[in-house]
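# Structural description and commentary
The lines below spell out each chain.
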Amino acid sequence: MTEPSFSSVTPSALPDQPVDKATARHVVLASFLAWMLDACDFFIVLFTLDDVARSFNVSLQSVLLAPTLTLMTRPLGAFLCGRAADKYGRKPVLVLTIIIYSLIELASAFAPTLVIFLALRTLFGIALGGEWGVGTSLIMESVPKSWRGTASGILQAGYPAGYLLASLVFLLLPVLGWRGLFVLGSGAVFSAVYIWLRVPESPDWLARQKADTQHKNAEAHLGLLAIIKGNAALCVFAVVLMAAFNFMSHGSQDLYPKVFLALERHVPPTSITTVVVLYNLAAIAGGLFFGFLSQKIGRQYAIVLAAALTLPLLPLWTLPHSLFWLGLGAVCIQFCIQGAWGVVPAYLSELSPPSVRATFPGLAYQCGNLIAASNALLQTWFATQLGMGLAPALMLAVGGGAVVVLVLTLLNARLYPQRT
């Protein structure tokens, strides 16, 4: 039995299934909602850290463990949920994942102590890490081939949309308190009901299950370790690529609003909120635009174009002292960064071996995210060493990530042109 190799994995491994377009629309909407609400629940924590600290009468540094623990367990979630979805189907695992993270969000609202709160946020990371990969496999296997680029952009737009939704929910903090916001966030469970009632199982997964029972799909009988061994170069490539992607994303978002704009550029809070809303709208637009463009020029070249356009925008994004130019730079750079991200679901799905299509994209994404979790510490360390403020550190993290994304993607396009 021949193990699948790096060079044997081509976009043709993701077949063009005949799907009713009305059904495909439900799949796209459901996957977008699941990722948006998942991201919203994560950002609610970030927006209420100081309130949680006061509630438990602890330091802010103690509560900062919550998002850290969430990020650390995301790869575990990607692995567990991905393997379950590859074995038992995309739909039931996606529904179960949404129910779990909604219940954890609800339980977090009633946490009596910081220790229990941190434990719940650790468990939340497993569900958060699992949802994206399962949703990606469901949507990419369920929509017509001609829709994949646009559907990829819509799915990934769920992340900045979740950021925006959390920003709006945060306005209710004086009325509901942080615990009330968590209760509100648990309403994501209703999207699981929608998926259960309106979204069918992936036709590609069903077809491969039928083939498995007839002993026609040799790859399905390989263990995960055998598949990884046979695709070692692909796995390393995907993890490094996603680490660079995450340095672009986190490098441009984590410290930019509250540290760079507020503390270094002395931008007032209301103006910061306006800038954040505008650059998240731009991020959504960028994901949709480059996702659609990837359907025309190929996944690699859409990613390369978006990453390349990021580089000349770095000075505009960080060096001005004028709010107008800073805001314009933030809008433009998020359009490009999240534009490149908009191609990722389709790109990773088309690179993935079929039998691990729910595991591979999510695990690569979350392992890359884990590597990039050091971003904020690295940026602040570099800014301290240079003594020139945060601007050079921001440009280094985002620019370095963009260069790595550009080079790796171009290299893959040159070595394996059939993947475009």
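Residues numbered from 1 in each chain as written. Predicted model: local features only at pLDDT ≥ 70, side-chain atom pairs only at ≥ 80, totals over all residues. Heavy atoms only, no water.

### Some thoughts on the overall build of the chain
For the chain, the helix and strand inventory stands at 21 helices and zero strands. Evaluated residue by residue, the chain yields a buried proportion of 58% over its 420 residues. Long-range pairs, those at least 24 residues apart, make up 85% of the contacts in the chain with a sequence separation of at least 6. Accessible surface, the chain as shown: approximately 16,600 Å² in total, 73% of it carbon and sulfur. (Helix = DSSP H or I, 4+ residues; strand = E, 2+ residues; numbered from the N terminus. Buried < 20%, exposed > 50% of the residue type's maximum accessible area, 1.4 Å probe, protein only. Contact = heavy atoms within 4.5 Å. Areas by Shrake-Rupley, 256 points an atom, 1.4 Å probe, with all protein chains shown as cover.)

### Here we look at the nonpolar core
Ranked by internal contacts, the top residues of the largest apolar core, which has 119 residues, are F117, F245 and Y256. Once residues lying within four places of it in the same chain are set aside, the contact partners of F245 are I303, A340, W341, V344 and V405. (Core = buried A, V, L, I, M, F, W, Y, C linked by side-chain atoms within 4.5 Å.)

### A short note on the layout of surface pockets
Quantified by volume, the largest pocket comes out at close to 1,600 Å³. Mapped onto the lining of the largest pocket, the elements with two or more residues apiece are α1 (21-47), α2 (49-56), α4 (65-88), α8 (158-170), α13 (232-253), α14 (256-264), α15 (269-297) and α20 (375-386). Along the lines of polarity and charge, the residues of the lining of the largest pocket split into 28 nonpolar, eight polar and four charged. (1 Å grid on protein atoms, 1.4 Å probe; cavity = no way out; pocket = protein on both sides within 12 Å on 5 of 7 lines; lining within 4 Å. Points joined across faces, edges and corners; volume = space filled by probe spheres on them. Nonpolar A, V, L, I, M, F, W, Y, C, P; charged D, E, K, R; others polar.)

### Some points on the confidence of the model for the chain
Predicted coordinates in areas of low pLDDT are best not read in detail. When the pLDDT values of the chain are averaged, the result is 86; 90% of them are 70 or greater. Note on residues 1-12: pLDDT under 50 across the span, and 33 contacts to partners over four residues away in sequence or across chains. (pLDDT = per-residue confidence, 0-100.)

### A few points about empty space enclosed by the protein
This model, assessed by the stated rule, comprises one cavity of 30 Å³ or more. Of the volumes computed, that of the largest cavity is approximately 80 Å³. What lines the largest cavity is simply R74, Q156, Y159, N246, S249, H250, Q338, W341, Y365 and N369. Mapped by element, the contributors of at least two residues to the lining of the largest cavity are α13, α17 (323-341) and α19 (360-371). Broken down by element, the residue count for the lining of the largest cavity peaks at three residues, all from α13. Broken down by class, the residue content of the lining of the largest cavity amounts to three nonpolar, six polar and one charged.

### Focus on a nonpolar patch on the surface
Together, I99, L103, L106, F110 and V183 give the surface a local cluster of nonpolar side chains, amounting to about 430 Å² of exposed area. For the nonpolar patch, the leading source of residues is helix α5 (residues 90-109), giving three residues. Checked against the element boundaries, F110 lands in the loop between α5 and α6 (114-142). (Patch = residues over 30% accessible without salt bridge, like charges linked within 9 Å, V, L, I, M, F, W, Y side chains within 5 Å. Salt bridge = Lys/Arg side-chain N within 4 Å of Asp/Glu carboxyl O.)

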